[in-house]
Amino acid sequence: MVSLLDIIGPVMVGPSSSHTAGACRLGLLARGLIGGTPQSGLLQLHGSFARTGEGHGTDKALVGGLLGFRPDDERLRDALQIAEREGLDYKFEKTTIADAAHPNTVRISIELNGNKATMLGSSLGAGRILVQEIDGYPVEVTGNLHTIVLVAEDRKGSIARITGILANHDINIATLRLTRKERGGDAFMVIECDEEPDRKAGEELRALDWVRWTRRLDKVSGG
Amino acid sequence: MYKALADAIRDAERDEKSLAQVALEAEARDQGRPIQDIRAALKRALDVMRGAIEKGLTGDLYSASGLVGGDAAKLRQNPNGPLAQTAFRDILTRALAVQEVNAAMGVIVAAPTAGGAGVLPAILTGLAKAKSVDDERVVDGLATAGLIGAVVAERASLSGAEGGCQAETGAAAGMAAGAATEMLGGTPSQVGHAVALTMQGTLGLVCDPLGGLVELPCVFRNATGSAIALAGIEMALSGITFAIPVDEVIDVMGEIGREMDVRYRETAGGGLAATPTGRRLAKERLYQIKRADG
């Protein structure tokens, strides 16, 4: 459904909603995976991101997102210098991720104190984004809602337990997707929530001994 | 939100409301938000638009490539132009100002996109100033513009990559013309004619930016798009009607966009981008950006 405020908006740093605002949101989402500004980041640009990214400030927007700047933050313009000051060691590479990949795609590999994450995402236009892969797992995250990603042992009753914890924290689930690489292998869950999951809910999920890894992803777009 | 402007116009005329009011009510229903909240968000957008105009008029702004910049100031300062002291020239100046801010990585409102972000603020704030229109009615104008843009998004496209420049500055001009027509006292049906009269003038416009950058000709297309919108407003407010209904004009814009060769849809493979000079400038300037970022 088209909203008036999608048409009259977003408020953003120029010049391109896809190459600048969308790129910034991808950086912001990646940052959320490790819960802070990374110490190092490899940004592999594909397609139009690689060809026209520099002229559109895609590099500044991606790094700005990793620093926690939102699409309307004027510091995006100086993000590369700010990254140096804040000890974020970034590197860009041009690559071909797949012939069929969306033209505005980036793979972001980041690390903070040994905590690593890899994310593959695209900017779809008008500032909208789609994350397709986290740590090699196929996902679909838009950043329009607060999202929890979680890797758990493939066992019975795990969904009931997890949704129970969220319900106890008064968090309503908007969508839930479950995938696994093989039977008995790791299960990968993407849970979109209407409310922002508090830290305590995250800790309870992490405390489950069959949950290998979990991260909260911030809501980075939408009203 | 409405999927046809004809439906919104019918509801507005039946209930004796403005299109802005009808649009705000539909948005409140769709999003479950009070109208007051939506108006507040639109007012914030208006403030950002004004900020961008101000910055573009006073600042000495250049894009990373250096391909565009400094032209809003030229237009503003030239004392001898045939349109000196007119709202028309003030509006062209405002459109360039916003786009120069955009190209220089300043803050703008994508309305409907960043590439077409100059037209709506230029027309609404320029005419509001010339005709002493208060902010409440300018905010109404943004709501009407949002309604028109939503219908274009639904029936055609708002993306240069999908529909060429007719879908970006063309749509922006249609939105601005309809919004301003209502802001200046036009009826809902005159708003429809203003959009049709404006968008018929941008049909077929290709998206051909040098090097794929939102700079050249994008900055100037916002000025010329504003000029076409002003023609649409003037004609509609004079009672001129356009025989093809506005929703059909929007549909045909979508159809032309789908038929348009990919070279003319933001890929820099055709149009001005592919001229000998366009190719040479893009190559030189992209190299320059790379060196500057070092």
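Quick caveat: nothing in here was measured; it's all calculated off a predicted structure. (Residues numbered from 1 in each chain as written. Chains lettered and ligands numbered in written order. Predicted model: local features only at pLDDT ≥ 70, side-chain atom pairs only at ≥ 80, totals over all residues.)

Helix and strand counts for chain A come out as seven helices and 11 strands. The globule rule puts the C-alpha radius of gyration for 223 residues at 17 Å, and the 17 Å found for chain A is close to it. Referenced to the eigenvectors of the C-alpha coordinate spread, the extents of chain A come out at roughly 50 × 40 × 35 Å. Counting only residues that meet the buried cut, chain A has 51% of its 223 residues in that class. Put simply, 69% of the contacts in chain A that link residues at least 6 apart link residues at least 24 apart. (Helix = DSSP H or I, 4+ residues; strand = E, 2+ residues; numbered from the N terminus. Rg over C-alpha atoms; globule rule 2.2 N^0.38 Å. Buried ≥ 20, exposed ≤ 12 C-beta atoms within 10 Å, placed from the backbone. Contact = placed C-beta atoms within 7 Å.)

The subject of this paragraph is the overall build of chain B. Helix and strand counts for chain B stand at 13 helices and one strand. Its helices and strands in sequence order give chain B the pattern α-α-α-α-α-β-α-α-α-α-α-α-α-α, from N to C terminus. Over its C-alpha trace chain B gives a radius of gyration of 19 Å, about what one expects of a compact globule, namely 19 Å for 294 residues. Once the C-alpha set of chain B is aligned to its principal axes, its extents read approximately 60 × 40 × 40 Å. Look at the contacts in chain B between residues 6 or more apart in sequence, and 78% of them connect residues 24 or more apart.

Let's shift gears to the pairing of strand β7 (residues 137-141) of chain A. All names here are of chain A. Judged from the three bridges that link them, strand β6 (residues 128-134) and β7 form a sheet pairing that is antiparallel. The residue of β7 that forms the bridge with isoleucine 134 is tyrosine 137. Hairpin connection of β6 to β7: two residues between the antiparallel strands, including aspartate 135 at a positive phi of 50 degrees. (Pairing = 2+ DSSP bridges.)

Let us look at the interface of chain A and chain B. In many reports, interface size means the accessible area that the parts give up when they come together. The interface is formed by 31 residues belonging to chain A together with 45 residues belonging to chain B. In terms of residues, the side of chain A that touches chain B owes the most to one element, helix α3 (residues 48-56) of chain A, which gives six residues. Tallied by class, residues from the side of chain A that touches chain B come to 14 nonpolar, 12 polar and five charged. The pairing of strand β1 (residues 11-13) of chain A with strand β1 (residues 107-109) of chain B spans three bridges and is classified as antiparallel. Bridging from a neighbouring strand, Val11(A) pairs with Val109(B) of β1(B). (Nonpolar A, V, L, I, M, F, W, Y, C, P; charged D, E, K, R; others polar.)

On to the packing of helix α5 (residues 87-103) of chain B against helix α11 (residues 218-237) of chain B, then. To characterise two packed helices, one gives the angle between the axes of the helices and the distance between these axes. Residues and elements named next belong to chain B. Running from N to C, α5 and α11 point in directions that differ by 150 degrees, and their axes come no closer than 8 Å. It follows from the interaxial angle that α5 and α11 lie roughly antiparallel. Relative to α11, α5 is oriented so that their crossing is right-handed. Where α5 approaches α11, its residues Phe88, Ile91, Leu92, Ala95, Leu96, Gln99, Glu100 and Ala103 are matched on the opposing element by Cys218, Val219, Asn222, Ala223, Ser226, Ala227 and Leu230. Split by residue class, the contact of α5 with α11 holds 11 nonpolar, three polar and one charged. (Axes fitted to C-alpha atoms, helices over the stretch in contact; angles between N-to-C directions. Parallel < 35°, antiparallel > 145°, perpendicular 65-115°, else oblique. Left-handed = near helix turned anticlockwise from the far one by under 90°.)

Residues and elements named next belong to chain A. Burial runs high along strand β10 (residues 186-193): seven of the eight residues are buried. As paired strands, strand β8 (residues 146-153) and β10 are joined by eight bridges and run antiparallel to one another. Considered in β10, the bridge of leucine 150 is made with methionine 189. Summarising the sheet, strand β9 (residues 173-180) and β10 pair through seven bridges and their orientation is antiparallel. Looking across to β10, one finds that leucine 176 is bridged to isoleucine 191. Where β9 hands over to β10, the hairpin turn is made up of five residues, of which glycine 184 adopts a positive phi near 80 degrees.

This paragraph deals with the packing of helix α9 (residues 169-183) of chain B against α11(B). All names here are of chain B. Relative orientation of the contacting elements α9 and α11 amounts to 35 degrees, with a least axis distance of 8 Å. Between α9 and α11 lies a crossing whose hand is right-handed. On α11, the residues touching Thr169, Gly170, Ala172, Ala173, Ala176, Ala177, Ala180 and Thr181 of α9 are Arg221, Asn222, Gly225, Ser226, Ile228, Ala229, Gly232, Ile233, Ala236 and Leu237. Class assignment of the residues belonging to the contact of α9 with α11 gives a composition of 10 nonpolar, seven polar and one charged.

For the rest of this paragraph, the subject is the sheet that holds strand β4 (residues 104-112) of chain A. Residue and element names in this part refer to chain A. Spatially, six strands are ordered β3-β2-β4-β5-β6-β7 in an open sheet, and the strand pairing comes out mixed. One side of each edge strand has no neighbouring strand; the edge strands of this open sheet are β3 (89-95) and β7. Taken pair by pair, the neighbouring strands of this sheet meet at an average axis angle of 20 degrees, ignoring direction. Across eight bridges, the pairing between β4 and strand β5 (residues 115-125) is antiparallel. In the strand pairing of β5, isoleucine 110 is matched with alanine 117. α3 rests against β2 (40-47), β3 and β4 of the sheet, and its axis sits at about 110 degrees to β2.

Residue and element names in this part refer to chain A. Along its sequence, chain A is organised into domain 1 (4-135) and domain 2 (146-217). Inter-centroid distance (C-alpha atoms) of domain 1 to domain 2 is 26 Å. The element that contributes the greatest number of residues to the side of domain 1 that touches domain 2 is helix α2 (residues 17-34), accounting for three residues. Considering only residue class, the side of domain 1 that touches domain 2 consists of three nonpolar, one polar and no charged. (Domains from an automatic or database assignment.)

With that out of the way, let us pick up the nonpolar core. Ranked by size, the top nonpolar core spans 156 residues in total, and within it Ile8(A), Ile123(B), Leu142(B), Leu147(B) and Ala176(B) carry the most contacts. Here this core gets 11 residues from one element, more than from any other, and that element is helix α7 (residues 135-155) of chain B. If you count residues domain by domain, this core takes at least three from each of domain 1 (4-135) and domain 2 (146-217) of chain A. With near-sequence residues (within four places) excluded, Leu142(B) lies in contact with Ile8(A), Leu42(B), Ala45(B), Leu46(B) and Ala179(B). Core analysis: the next-biggest nonpolar cluster, separate from the first, contains six residues, Leu205(B), Val206(B), Cys207(B) and Tyr264(B) among them. (Core = buried A, V, L, I, M, F, W, Y, C linked by C-beta atoms within 7 Å.)

The next thing to look at is the environment of Leu19(B). Residues and elements named next belong to chain B. Structurally, the position occupied by leucine 19 is in helix α2 (residues 19-31). Judged by local crowding, leucine 19 falls into the buried class, with 31 C-beta atoms found within 10 Å. Once the C-alpha coordinates of leucine 19 and alanine 8 are considered, the two residues, 11 residues apart in sequence, prove to be 6.8 Å apart. Among all residues touching leucine 19, those that are not within four sequence positions of it are Ala8, Ile9, Ala12, Thr144, Leu147, Glu182, Pro188 and Val191.

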